[in-house]
Amino acid sequence: MNIQKKETHSFQSEVKELLHLMIHSLYSNKEIFLRELISNASDAIDKIRFESILSPELQKITPKIQISINKAQRTLIINDNGIGMTKKDVIENLGTIAKSGTKSFLKSLENKKNSIKNELIGQFGVGFYSSFIVSDKVLVRTKFAKNTSNEGILWESSGEGEYNITNIIKKTQGTEIILFLKKEEDEFLETWKIKNIVNKYSDHITVPVEIQIYDEKNKTYLWEQINKAQALWVKNQSSISDQEYQEFYKYLTNDQNNPLVWSHNRVEGNHEYISLLYVPEKAAWDIWNRENKHGLKLYVKRVYIMDNSQEFLPNYLRFIRGIIDSNNLPLNVSREILQNNSITQNLKKALVKRSLKMLDKLSKNDNKKYQSFWNQFGLVLKEGPAEDSENLNLIANLLRFTSINNKIAEQTISLKQYISNMHEKQEKIYYITADSYISAKNSPHLELFKKKNIDVLLLSDRIDEWMMNYLVEFEGKKFQSISKEDSSLNKLVEEKSVNTEDTSKEIVDFLNRVKKVLGSKVKSVRLTNRLTETPCIVLSDSNEMTTQMAKLFTAAGQPVPELKYIFEINPKHELIKKISKINESDNFEEWIKLLLDQALFAEKGNLDNPHKFISRMNKLFIQI
Ligand code: ADP
Ligand code: MG
């Protein structure tokens, strides 16, 4: 081995960008570098603990993280006896950013204000590179635990585009990080300051964190343990303060914000486990990224097993963060085993219930917080009815809507509230789906409901139509789309403004003429009493696909059968009265076709042939 040989490598361009951000310290909160380094050391120790279960030949060590300060050299040193790194690991981990999505993350920072950048970076977790917030130069001395030789790797960089790698002698396994602090960062050379930071961020780390102190009396150096080194979730709930729960959450997620709520449970009996689940205050920036890593941190009998185990929560609860510590799963559990395991299935069931109950409790105890939760995560929760029929009712209870009576676009009404405000003769929960709140709110379908003062839920999120396929009823009340035919509506219309059964010759003749003009373009033609201000409307047949559903299919590139609507006419409308008196058949035909196009336009928000519609309209204008 050539001990002295030094190799120079260039950082991956994303790392350069990140380092640039670090060095020009966006950070208002510089001390987090220590949290990041201790968390890496603790991860490295978790990994070696896990490895030694699988490979008992590995040397048994007492895991610890040791911090020392050298004031003369202005260095702060963080040493661990964890898994360490090979040369390849070093190049991969400390020269590139392996995490997918980092590019798009960095991109998302462009043109953002510093305060927002700060928050986003905090959420993202800057990790090891945050050392350069406070350091001019950083050395990493490391040796992989399975490497039985005396050779290790030295990585060094001043964070400006390049780093050097040298082979060195290193006897002990693990990693030592040496920070050469910047001139203005003297405070991190103070023992009390370091103790404070460790207490604040890393108290709940299960590995002891020690600091070197000078014993004046005996004139020697000693190691003093700073943290309690006990897993937070193992402690009794009553002995954990809110602040401890909050700090643990921040450590777990890298989120700078406090969690909105949490639920900590210990279950004994056949399946023994402890779970600690959190609902964040803000959605992670990549919650809509399909590759977004989510899931709980898994422990088995207090031993860390893996991050982001998605097997314990369904997709629609992917915003929930936290840990699960099982006593029943085997220690050498892999993702494959987790996927086909009845213990996992049982845990998942229980955790889903816990999560939903936690949200239900929040909705009952703190409306303001619940509303903030809904505004952040409502769209994700709306995936629930399709994904989890077993808990349909619990999920439906958590949904929030806007409605005619709500007056604002914000979704604040629960189904329970809607039902308690129902008209005495009303049997169903009425809703309409549209492309936007404005278009739902102004839909002609609402005219009758507004007149009768019956509330209608206004749904305009893309997922709504999909969700409504799975919401059939709630507390015995069926859901009814008001853009569909619905015979139960007649019960609500006592004094009918229009006799829809009118069989007078005049009406029958008129309807027949319309039918003749429209032929197979529509399913049927009839009178309506749904309308007050609009001359006509189209409805979907009760067993046919709705317009919104057809749009979803089209957007997803799926074939859609041609939609045929029921064409309903409001005979009280002045325009209809006028048209019905036109004898000349060409002219009558133009008017009826224009009316159908109008109704289709209002329903779909677009027309197959807008050009034709405009030229027909202009032709009729000229006659005026
Ligand atoms: P993250 O911890 O989120 O993966 P970091 O930037 O903090 O990102 O660390 C990058 C990688 O470097 C880690 O995933 C790990 O593989 C490696 N690493 C960092 N510090 C240590 C350490 N003390 N011991 C072993 N590996 C480490
Ligand atoms: Mg890290």
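Structure's up top.
Rules and cut-offs
Residues numbered from 1 in each chain as written. Chains lettered and ligands numbered in written order. Predicted model: local features only at pLDDT ≥ 70, side-chain atom pairs only at ≥ 80, totals over all residues. Heavy atoms only, no water. Phe/Tyr/Trp six-rings, centres within 6.5 Å; stacked < 30°, edge-to-face > 60°. Helix = DSSP H or I, 4+ residues; strand = E, 2+ residues; numbered from the N terminus. Buried < 20%, exposed > 50% of the residue type's maximum accessible area, 1.4 Å probe, protein only. Lys NZ or Arg CZ within 6 Å of the ring centre and 35° of its normal. Axes fitted to C-alpha atoms, helices over the stretch in contact; angles between N-to-C directions. Parallel < 35°, antiparallel > 145°, perpendicular 65-115°, else oblique. Left-handed = near helix turned anticlockwise from the far one by under 90°. Contact = heavy atoms within 4.5 Å. Nonpolar A, V, L, I, M, F, W, Y, C, P; charged D, E, K, R; others polar. Pairing = 2+ DSSP bridges. Near = heavy atom within 4 Å. Polar contact = N/O pair within 3.5 Å; in protein donor to acceptor, adjacent residues only side chain to side chain. Areas by Shrake-Rupley, 256 points an atom, 1.4 Å probe, with all protein chains shown as cover.

(A) Up close: the packing of aromatic side chains. One pass over the full model with this rule turns up 23 aromatic pairs. With a centroid separation of 5.0 Å and an interplanar angle of 45°, the aromatic rings of Phe11 and Tyr163 are classed as tilted. One end of the pair, Phe11, is in the loop between strand E1 (6–10) and helix H1 (13–23); the other, Tyr163, is in strand E6 (residues 162–169), and 152 residues separate them in sequence. According to the relative accessible area criterion, Phe11 is buried, its value standing at 4%. Judged by relative accessible area, which is 3%, Tyr163 ranks as buried. Pairwise contacts between aromatic rings join Phe11, Phe128, Tyr129, Phe132, Trp155 and Tyr163 into one cluster. In this structure, Lys137 packs its charged tip against the face of Phe180, placed 4.8 Å from the ring centre.

(B) Spotlight on the packing of helix H21 (residues 585–604) against helix H22 (residues 610–623). Contact geometry for H21 and H22: axes closest at 10 Å, N-to-C directions at 130°. Of the possible angle classes, the one that applies to H21 and H22 is oblique. Here H21 runs over H22; the crossing is left-handed. Along the contact surface, H21 presents Asn587, Glu590, Trp591, Lys593, Leu594, Asp597, Gln598 and Phe601, while H22 presents Phe613, Arg616, Met617, Lys619, Leu620 and Gln623. Taken together, the residues of the contact of H21 with H22 sort by class into 6 nonpolar, 3 polar and 5 charged.

(C) How the structure looks around the pairing of strand E19 (residues 477–481). Strand direction decides the pairing type here: strand E16 (residues 429–433) and E19, joined by 3 bridges, are parallel. When the bridges of E19 are listed, Tyr430 appears paired with Gln480. By the bridge criterion, 2 bridges tie strand E18 (residues 473–474) to E19 in an arrangement that is antiparallel. Its bridge partner being in E19, Glu473 is matched across the sheet by Lys478. Where E18 hands over to E19, the hairpin turn is made up of 2 residues, of which Glu475 adopts a positive phi near 45°.

(D) Highlighting the sheet that holds strand E11 (residues 273–279). The strand order across the open sheet built from 5 strands is E10-E11-E14-E12-E13, with neighbouring strands paired in mixed fashion. Each of the sheet's edge strands pairs with one partner strand only, and the pair in question is strand E10 (261–267) and strand E13 (303–309). The sheet shows a mean angle of 15° between the axes of neighbouring strands, direction not considered. Alignment of strand E12 (residues 296–300) against E13, held across 4 bridges, turns out to be antiparallel. Its bridge partner being in E13, Tyr299 is matched across the sheet by Tyr304. The strands touched by helix H7 (residues 242–253) are E10, E11, E12 and strand E14 (321–326); relative to E11, the strand with the most contacts, the crossing angle is about 85°.

(E) Representation of the site of ligand 1 within the structure. Around ligand 1, a shell composed of 11 residues is seen, among which Asn40, Asp80, Asn93, Gly127 and Phe128 lie nearest. The backbone of Phe128 places a nitrogen or oxygen atom 2.9 Å from an oxygen atom of ligand 1. A total of 530 Å² of accessible area belongs to ligand 1 in isolation, and the protein chains cover 79% of it. Secondary structure elements with two or more residues in the shell around ligand 1: helix H2 (32–54) and helix H3 (87–95). It is H2 that contributes the most residues to the shell around ligand 1, 3 residues altogether. In the shell around ligand 1, the residues fall into 5 nonpolar, 4 polar and 2 charged.

(F) Seen up close, the sheet that holds strand E7 (residues 174–181). Pairing is mixed across the open sheet formed by 9 strands, whose spatial order is E1-E6-E5-E4-E7-E3-E2-E8-E9. A single partner strand is all that each edge strand has here, and the edge strands are E1 and strand E9 (220–225). Across this sheet, the average inter-strand angle for adjacent strands is 25°, counted without regard to direction. As judged from the 5 bridges shared by strand E4 (residues 135–143) and strand E5 (residues 151–157), these two strands associate in the antiparallel manner. Bridged to Arg141 within E5 is Leu154. The strands touched by H3 within the sheet are E1, E4, E5 and E6, with E6 carrying the most contacts at an inclination of about 155°.

(G) Structural detail: the packing of helix H9 (residues 342–365) against helix H10 (residues 367–381). Axis separation between H9 and H10 bottoms out at 8 Å; the angle between their running directions is 140°. Put simply, H9 runs oblique to H10. Remark: the crossing between H9 and H10 carries left-handed chirality. On the side of H9, the interface is formed by Leu359, Leu362, Ser363 and Asn365, while H10 contributes Asn367, Lys369, Tyr370, Phe373 and Leu381.

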